Amino acid sequence: MRLLCLFAFGLTLVVVVLGAYTRLTDAGLGCPDWPGCYGFNYVPGSAQDHATAALRFPDNPLEMAKARNEMVHRYAAGTLGCTILLMALWSLRSSQRAYRGFTWGLLVLVCGQATLGMLTVTLNLLPFVVMGHLLGGFTILALLFLLLCKTRPPRETCRGRSLGGWFLLALGALLLQIALGGWTAANYAAMACLELPVCQGDWPSQWQWSAFHPHGVPAENYQYGVLSQDERVTIHAAHRLWAMVTACVLLMLAWRLWQQPVLRYWGAWLVLGVIMQLALGVANVVLHLPLAVAVAHNAGAAILLLVLTGTGERLWRARANPVPVHGFVAAMNEN
């Protein structure tokens, strides 16, 4: 089970990065149908396939690079779904019921994620669906990492009750920031502000709450965005402002983690992740959203979520089996 979980976790990380790459290369509609591509189970490559694709979808010309990006993402996601199905079936042989519930719950999430993937195409990149698809991928990634943590041998714990509130606050702030990042990408607002640290000068006067309406502006196709410039500025500014709040909360949690010897390395990883994400966010603006930096920014958000997931798992164990910090340190000194 642990080997299957490790493979599924690594594959999910690949799928999340591929999803970001697909979105950032405007390949979300590289294949106008689902789950195939122009009616094929592969990327049409021959001249005859191209002619058939043109007949089937005359309003959607085939672009090989975009179709390839989309299908690679689908193949990886399909392999992940099969792996999690295998995990769920394998868990029936396990004596631990917790694994069964966890793996079958993951299978339900994967099915929901596949549905969102279909709706992303059939609804022509409706922003609310695109953001939900992103959050679904991050959720599966975090849950697989949590399962990995649960399958490892028990380790020393510490006092975690005093950190529970800070952890929940940090987790809520990070999830909202990830959602804002997904909303920014789904509405093509990443380049709405090209200045630092302000956003388009007097951005408060351009603030439009309509930018956060879940249904947005009705349109036949949402590729490249349909919102006004003011609404895109609003989304970008909100993402920046909440990034500062999230960074402060995460750094405060990291400082509290550093005060407990058992959790110091989680605090160090958290500080490193925050600094990396802020640097990548600045680079995206200064360098005008280069593809490699933008993909790395998505991966950085996933890493921060994984660090918080690991931290939460340790704190949960601490609540179940608290061990005073001074006692743990004394035992280590004796050894």
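In short, a report on the structure.

A separate point is the nonpolar core. Generally speaking, nonpolar side chains in soluble globular proteins are found buried as a group. Ranked by size, the top nonpolar core spans 49 residues in total, and within it Ile-84, Phe-138, Leu-144, Leu-250, Leu-270 and Leu-308 carry the most contacts. Elements with a minimum of two residues in this core: helix H1 (2–24), helix H3 (64–91), helix H4 (97–122), helix H5 (127–151), helix H6 (164–186), helix H7 (229–258), helix H8 (264–286) and helix H9 (291–320). When sequence neighbours within four positions are dropped, the list of residues in contact with Leu-270 reads Leu-250, Leu-253, Ala-254, Leu-257, Leu-304, Val-307 and Leu-308. Among the nonpolar cores identified, the runner-up in size contains 12 residues, and Ala-179, Ala-189, Ala-211 and Ala-237 belong to it.

Once that is clear, we can look at the state of the cysteines. By the definition in use, this model includes two disulfides. Disulfide pairing places Cys-31 opposite Cys-37 at an S-S distance of 2.1 Å. Taking the sign of the torsion about the S-S bond as the criterion, the disulfide between Cys-31 and Cys-37, at about -80 degrees, is left-handed. The same class applies to Cys-31 and to Cys-37, which are both buried. With its sulfur 1.6 Å from that of its partner, Cys-193 forms a disulfide with Cys-199. A relative accessible area of 0% means that Cys-193 is categorised as buried. Judged by its relative accessible area of 2%, Cys-199 is buried.

Another point: the environment of Asp-49. Relative to the elements of secondary structure, Asp-49 occurs in helix H2 (residues 47–56). Since its relative accessible area comes to 13%, Asp-49 is described here as buried. Among all residues touching Asp-49, those that are not within four sequence positions of it are Phe-40, Tyr-42 and Pro-44.

Moving on, we get to the pattern of salt bridges. Summed over the entire model, instances satisfying the criterion amount to two salt bridges. With its nearest N and O atoms 3.7 Å apart, the salt bridge here joins Lys-66 to Glu-63. A relative accessible area of 17% places Lys-66 in the buried class. Two residues, Arg-74 and Glu-70, come together in a salt bridge whose shortest N-O distance is 2.9 Å. Here the residue Arg-74 and the residue Glu-70 both occupy positions in helix H3, the gap between them amounting to four residues, near one helical turn. Assessed through its relative accessible area of 12%, Arg-74 is described here as buried. Look at Glu-70 and you get buried, because its relative accessible area is 7%.

On to the packing of aromatic side chains, then. Scanning all chains against the criterion turns up nine aromatic pairs. Where Phe-9 meets Phe-145, the ring centres are 5.5 Å apart and the plane angle is 35 degrees; that geometry is what we call tilted. Of the two residues, Phe-9 is situated in helix H1 and Phe-145 in helix H5; the sequence distance between them amounts to 136 residues. Judged on exposure class, the residue Phe-9 and its partner Phe-145 are both buried. Relative to Trp-266, the ring of Tyr-265 lies with its centre 5.2 Å away and its plane at 35 degrees, an arrangement referred to as tilted.

Here we come to the packing of H1 against H5. Their axes nearest at 9 Å, the elements H1 and H5 cross at an angle of 155 degrees. Between H1 and H5, the angle falls in the class roughly antiparallel. Seen from above, H1 lies across H5 with left-handed handedness. Touching Arg-2, Cys-5, Leu-6, Ala-8, Phe-9, Thr-12, Leu-13, Val-16 and Arg-23 of H1 are Val-130, Leu-134, Gly-137, Phe-138, Ile-140, Leu-141, Leu-144, Phe-145, Leu-147, Leu-148 and Thr-151, all from H5. Considering only residue class, the contact of H1 with H5 consists of 15 nonpolar, three polar and two charged.

Of all residues except glycine, most have a negative phi; of all peptide bonds, most are trans. At the junction of Trp-34 and Pro-35, the peptide bond is cis and its omega measures out at 0 degrees in the coordinates. Here Pro-35 is to be found in the loop between H1 and H2. Despite not being glycine, Asp-26 shows a phi value in the positive range, around 55 degrees. Looking at where Asp-26 falls in the secondary structure, it is placed in the loop between H1 and H2. Residue Asp-26 is classed as partly exposed on the basis of its relative accessible area of 21%.

About the thresholds
- Residues numbered from 1 in each chain as written.
- Predicted model: local features only at pLDDT ≥ 70, side-chain atom pairs only at ≥ 80, totals over all residues.
- Heavy atoms only, no water.
- Core = buried A, V, L, I, M, F, W, Y, C linked by side-chain atoms within 4.5 Å.
- Buried < 20%, exposed > 50% of the residue type's maximum accessible area, 1.4 Å probe, protein only.
- Helix = DSSP H or I, 4+ residues; strand = E, 2+ residues; numbered from the N terminus.
- Contact = heavy atoms within 4.5 Å.
- Disulfide = S-S within 2.5 Å.
- Salt bridge = Lys/Arg side-chain N within 4 Å of Asp/Glu carboxyl O.
- Phe/Tyr/Trp six-rings, centres within 6.5 Å; stacked < 30°, edge-to-face > 60°.
- Axes fitted to C-alpha atoms, helices over the stretch in contact; angles between N-to-C directions.
- Parallel < 35°, antiparallel > 145°, perpendicular 65-115°, else oblique.
- Left-handed = near helix turned anticlockwise from the far one by under 90°.
- Nonpolar A, V, L, I, M, F, W, Y, C, P; charged D, E, K, R; others polar.

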